[in-house]
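# Geometric and topological summary
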Amino acid sequence: MSLLIRFAPPSLTGKKYDEVVRRLREDGVLPADGLDYEICFGSDDNLKVSQVWDSQQQLDAFSERLMPILAELGINPGEPELLEVHNIIRR
């Protein structure tokens with residue numbers, strides 16, 4: 001069953017988000033195994049991130065690589081919300 005994880009980090013800016021993505025790509029972490037998709041949304045000085053994962057194990061493996069980058073860049077991810085996905089409809 002797929003999982004949805006939602007982050008609402010305090011004051012995440014577009015510049016910081018883009019730097020995280022750049023670092024993850026540079027380190028070979030993105031595209032991550034099991035990440036179906038990620039959506040970053042909101043205003044440029046207060047972004048939120050939602051991801052859909054194939055499994056908890058894949059999310060955990062990604063988190064091990066992500067968290068040190070967030071810490072290094074001074075980004076507090078806040079307390080993520082984790083939900084089981086009931087259904088996905090695609091066009």
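Our structure's up above, just so we're on the same page.
Definitions and limits used
Residues numbered from 1 in each chain as written. Predicted model: local features only at pLDDT ≥ 70, side-chain atom pairs only at ≥ 80, totals over all residues. Heavy atoms only, no water. Core = buried A, V, L, I, M, F, W, Y, C linked by side-chain atoms within 4.5 Å. Buried < 20%, exposed > 50% of the residue type's maximum accessible area, 1.4 Å probe, protein only. Helix = DSSP H or I, 4+ residues; strand = E, 2+ residues; numbered from the N terminus. Contact = heavy atoms within 4.5 Å. Pairing = 2+ DSSP bridges. Expected span 1.5 Å × (residues − 1). Bend = angle between axes of the 7 residues up to and from the residue.

## Focus: the nonpolar core
In this structure, Val20, Leu24, Leu30, Trp53 and Phe62 are the most contacted members of the largest nonpolar core, which totals 20 residues. Of all elements in the fold, only strand 1 (3–7), helix 1 (14–26), strand 3 (46–53) and helix 2 (56–72) reach the threshold of two or more residues within this core. If you tally residues by element for this core, the top one is helix 2, at 5 residues. Ignoring any residue separated from it by four or fewer positions in sequence, one finds Trp53 in contact with Ser2, Leu3, Ile5, Ala32, Asp33, Gly34, Leu35, Gln58, Leu59 and Phe62.

## Structural notes on the pairing of strand 3
Counting buried positions over the 8 residues of strand 3 gives 6, a clear majority of the element. Relative to strand 3, strand 1 runs antiparallel, the two sharing 5 bridges. Looking at the pairing, Leu3 lines up with Trp53 of strand 3. Of the strand pairs in this sheet, strand 2 (residues 35–43) and strand 3 are connected by 8 bridges, and their pairing is antiparallel. Paired with Gly42 across the two strands is Leu47, which belongs to strand 3. The hairpin formed by strand 2 and strand 3 contains 2 residues between the paired strands.

## With respect to helix 2
Taking 1.5 Å of rise per residue, 17 residues should cover 24 Å, and helix 2 covers 24 Å from first to last C-alpha, within 8% of that figure. Its maximal kink placed at Glu64, helix 2 deviates by approximately 30 degrees, while the proline Pro68 follows within four residues. When helix 2 is considered as a whole, its buried residues turn out to be Leu59, Phe62, Leu66, Ile69 and Leu70. Among the structural elements, strand 1, helix 1, strand 3 and strand 4 (81–84) are those in contact with the buried residues of helix 2. Where helix 2 terminates, the next one or two residues include Gly74, which has phi positive at roughly 75 degrees.

Don't take any of this as a statement about function, it's just geometry.
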